[in-house]
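The primary structure of each chain is shown beneath.
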Amino acid sequence: MDGRVQEPVIQWMKNRYNAKYVDSVTEAGPNKVLLSNNQDKIDAIIERVRVSTDKHGSTVLAIAGHYDCAGHAVDGELKKARIRESIELISTWGLDVEIIGLYVNDQWQVEVVDGRAREQLQAKAQ
């Protein structure tokens, strides 16, 4: 939800995927929320993601974490590990999207942490 992170992620997504628009589903410390086992919060995120994929036609889902996060204050390496764990969780949701992990560093630059192409997810489901 941190505004310092929104612009670099949106610009990166637009440039990398040639997207005209980028939907945002925000939470303070999204990795922490996703890995918390709080099913009500996770279901609310899934519902918003489904609007983006099902109604807006989004084909890429990025889970982002960043330096100096107040909502999930852990060091960068642990944050990147949590982003990878979040990708694993999201890949169980049955979405037909590419899932990528992004980390915004202390220079507000986007780093790719990990990703699952749609083809990998489809093969895993079979």
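Here's what I pulled together on the structure shown here. What you see is a predicted model; the values in this text were computed from it and never measured.

### Quick look at the packing of aromatic side chains
For the structure on display, the rule yields two aromatic pairs. Between Trp 12 and Tyr 17, the aromatic rings sit 6.2 Å apart at their centres with planes inclined by 70°, giving edge-to-face as the arrangement. Taking relative accessible area as the criterion, Tyr 17 reaches 23% and is therefore assigned partly exposed. Both rings, one in Tyr 67 and one in Trp 108, keep their centres 6.2 Å apart while their planes meet at 70°; by these two values the pair is edge-to-face. Here Tyr 67, found in the loop between strand S1 (60-66) and helix H4 (76-90), pairs with Trp 108, found in the loop between strand S2 (98-104) and strand S3 (110-116); they are 41 residues apart in sequence, far enough to count as distant. For Tyr 67, a relative accessible area of 39% gives the class partly exposed. With relative accessibility at 28%, the residue Trp 108 sits in the partly exposed group. The cationic tip of Arg 16 hangs over the ring face of Tyr 17; the distance from NZ or CZ to the ring centre is 4.8 Å.

### Re the side chain of Asn 105
Here Asn 105 is to be found in the loop between S2 and S3. Asn 105 gets classed as buried once you look at its relative accessible area, which sits at 10%. Separated by 2.9 Å, the side chains of Asn 105 and Glu 111 make a polar contact. In contact with Asn 105, other than residues within four places in its own chain, are Tyr 67 and Glu 111.

### Some words on the environment of Gly 71
Counting through the fold element by element, Gly 71 comes out in the loop between S1 and H4. Classification of Gly 71 by relative accessible area gives partly exposed; the value is 26%. The spacing of Gly 71 and Met 1 is 70 residues in sequence and 9.1 Å in space, taken between C-alpha atoms. Not counting chain neighbours up to four residues away, the residues in contact with Gly 71 comprise Ala 28, Gly 29 and Lys 32.

### With respect to the environment of His 56
Structurally, His 56 can be placed in the loop between helix H3 (39-55) and S1. Excluding anything up to four places from it in sequence, His 56 contacts Asp 23 and Val 51.

### A word on helix H1 (residues 3-17)
Here H1 is 15 residues long and its end C-alpha atoms lie 21 Å apart, about the 21 Å a rise of 1.5 Å per residue gives. Among the residues of H1, those classed as buried are Val 5, Pro 8, Val 9 and Met 13. Each buried residue of H1 lies within a common arc of 135° when the element is viewed along its axis, so the set occupies one face. In H1, the exposed positions angled more than 90 degrees off the buried face are occupied by Gly 3, Glu 7 and Asn 15. Looking at the residues trailing H1, positive phi occurs at Asn 18, about 55°.

Rules used in this analysis
- Residues numbered from 1 in each chain as written.
- Predicted model: local features only at pLDDT ≥ 70, side-chain atom pairs only at ≥ 80, totals over all residues.
- Heavy atoms only, no water.
- Phe/Tyr/Trp six-rings, centres within 6.5 Å; stacked < 30°, edge-to-face > 60°.
- Buried < 20%, exposed > 50% of the residue type's maximum accessible area, 1.4 Å probe, protein only.
- Helix = DSSP H or I, 4+ residues; strand = E, 2+ residues; numbered from the N terminus.
- Lys NZ or Arg CZ within 6 Å of the ring centre and 35° of its normal.
- Polar contact = N/O pair within 3.5 Å; in protein donor to acceptor, adjacent residues only side chain to side chain.
- Contact = heavy atoms within 4.5 Å.
- Expected span 1.5 Å × (residues − 1).
- Arc of directions from axis to C-beta.

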